[in-house]
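Summary of the model geometry
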There are 2 protein chains.
Amino acid sequence: MKKFSSRYSIAVHILSLIALSPASCTSDFIAESVNTNPVIIRRIIGMLKKAGLVHVRPGTGGTYLQKGLDEITLLDVYRAVEVADNGNIFNCHEETNPRCPVGANIESVFRTKMVQAQSAMEQELDHVTLKQLVSELKEKSGSI
Amino acid sequence: MKKFSSRYSIAVHILSLIALSPASCTSDFIAESVNTNPVIIRRIIGMLKKAGLVHVRPGTGGTYLQKGLDEITLLDVYRAVEVADNGNIFNCHEETNPRCPVGANIESVFRTKMVQAQSAMEQELDHVTLKQLVSELKEKSGSI
DNA sequence: TCCGTTGTAACTATAATGATTACATCGAGA
DNA sequence: TCTCGATGTAATCATTATAGTTACAACGGA
């Protein structure tokens, strides 16, 4: 199947870099760490900006977190870059046959279950702050 | 972003139909309730068969559940039709810069968090059996 | 044997993703 | 003020998953 795009992991990567070295974070620098094109980085930063997570000074730039590291959760980042129209990650086929007892009711029953499952996932994401994640990165790298 | 395909909801639809009226379940009949092409149905039934959830008699057909209704959970169905190579729904960008403290460690840290979130979702799916779901369908439709 | 059904292959259209080039614009510093 | 480095964004392209459709071989009960 189709997974989530790598936008999400890249967004977390970007925010971690900003948290650790706010000075030198140009899109070129970040792109080198992520190993992709600077435009990809700028696009994702644009989403993070729109979500109010970072502030960017145009021109000779500079990107800063707009909240504290412990105020940003993985759910915030997820919502910033992986937004479906209504937020539901589970698709349900529509326009089923209304004269069939299953076709008439499958959508509402199925959706209810999926909302519960998705909520469970999002709660997990909401429990992890960027602060925790960055401190784990520091541990692993030993330095910095 | 990209949602899960509608294969999943269609698979649940198919299994519900089989549970309710095992006799008349040809792919044409099911396709009419789902409102799609019979080939789509046959493809999905093929996946359910491969997962050991149903048994199909070729030729002048007939499709039957291979387990009890209360032995099949929404997680079983999910795994039958929405399988990613390694089962992970969250993608992580790879080949990051190993000389960067973030690039070198982001993948393992990120993956750990995502596995937890995904597990929470799958546990929810595992708690719902087809039996429950079908009984809710019956309630809603009043009849059958 | 006949006919309805399944099992698949092949093809098309659509959409999301990721990469890339190009360029207008901004703003700090010389 | 002018230059230069950086951002913001449009446009294009290749790749991939999904969904729909046609076509046809093969199966098996009546």
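Throughout what follows, the structure given in this document is the object of discussion.

What counts, and where the lines are drawn
Residues numbered from 1 in each chain as written. Chains lettered and ligands numbered in written order. Predicted model: local features only at pLDDT ≥ 70, side-chain atom pairs only at ≥ 80, totals over all residues. Heavy atoms only, no water. Helix = DSSP H or I, 4+ residues; strand = E, 2+ residues; numbered from the N terminus. Rg over C-alpha atoms; globule rule 2.2 N^0.38 Å. Buried < 20%, exposed > 50% of the residue type's maximum accessible area, 1.4 Å probe, protein only. Contact = heavy atoms within 4.5 Å. Areas by Shrake-Rupley, 256 points an atom, 1.4 Å probe, with all protein chains shown as cover. Lys, Arg positive; Asp, Glu negative; His and termini not counted. Charge placed at Lys NZ, Arg CZ, Asp CG, Glu CD. Phe/Tyr/Trp six-rings, centres within 6.5 Å; stacked < 30°, edge-to-face > 60°. Least-squares fit on C-alpha atoms with pLDDT ≥ 70 in both.

So, on to the overall build of chain A. Of the regular secondary structure elements, chain A holds six helices and two strands. Tracing chain A from N to C terminus, the helices and strands come up as α-α-α-β-β-α-α-α. For a compact globule of 144 residues, the expected C-alpha radius of gyration is about 15 Å, and chain A comes in at 19 Å, more than 25% above that figure. With 144 residues in all, chain A has 45% of them scored as buried. For chain A, restricting intrachain contacts to residue pairs at least 6 apart in sequence, the fraction spanning at least 24 positions comes to 59%. Of the accessible surface of chain A, which amounts to about 6900 Å², a share of 48% is contributed by carbon and sulfur atoms. Computed over 16 positive and 15 negative side-chain charges, the separation of the two mean positions in chain A equals 4 Å.

Counted according to the given criterion, the structure contains eight aromatic pairs over all chains. Residues Phe110 of chain A and Tyr8 of chain B carry aromatic rings whose centres are separated by 5.3 Å and whose planes lie at 80° to one another, so their mutual orientation is edge-to-face. Taken together, the positions of Phe110 of chain A in helix 5 (residues 101-126) and Tyr8 of chain B in helix 1 (residues 7-20) put the pair across two chains. The exposure class assigned to Phe110 of chain A is buried, which follows from its relative accessible area of 1%. Since its relative accessible area comes to 1%, Tyr8 of chain B is described here as buried. What links up through ring pairs into an aromatic cluster is the set Phe90 and Phe110 of chain A together with Phe4, Tyr8 and Tyr78 of chain B.

Residue and element names in this part refer to chain B. If you trace the backbone, Ser21 turns up in the loop between helix 1 and helix 2 (27-34). Assessed through its relative accessible area of 24%, Ser21 is described here as partly exposed. Put simply, Ser21 and Tyr64 are 43 residues apart on the chain and 9.9 Å apart in space, counted from C-alpha to C-alpha.

Looking now at unusual backbone geometry. All names here are of chain A. Phi is positive for Glu95, which is not a glycine, with a value near 55°. Following the sequence through the fold, Glu95 ends up in the loop between helix 4 (74-81) and helix 5. When its relative accessible area of 65% is taken as the criterion, Glu95 is described as exposed.

Once that is clear, we can look at the relation of the copies chain B and chain A. Applying a rotation about an axis and a shift along it to one chain copy brings it onto the other copy. Expressed as a screw transformation, the operator carrying chain B onto chain A has a rotation angle of 180° and an axial translation of 0.0 Å, and the superposed copies differ by an RMSD of 0.0 Å. Taken together, the turn and the small shift mark the pair as related by a two-fold rotation axis. Of every C-alpha in chain B, the one belonging to Met121 of chain B sits nearest the axis of rotation, 2.4 Å from it. Comparing interface residues between copies, 100% of those in chain B also sit at the interface in chain A, which points to an isologous, same-surface contact.

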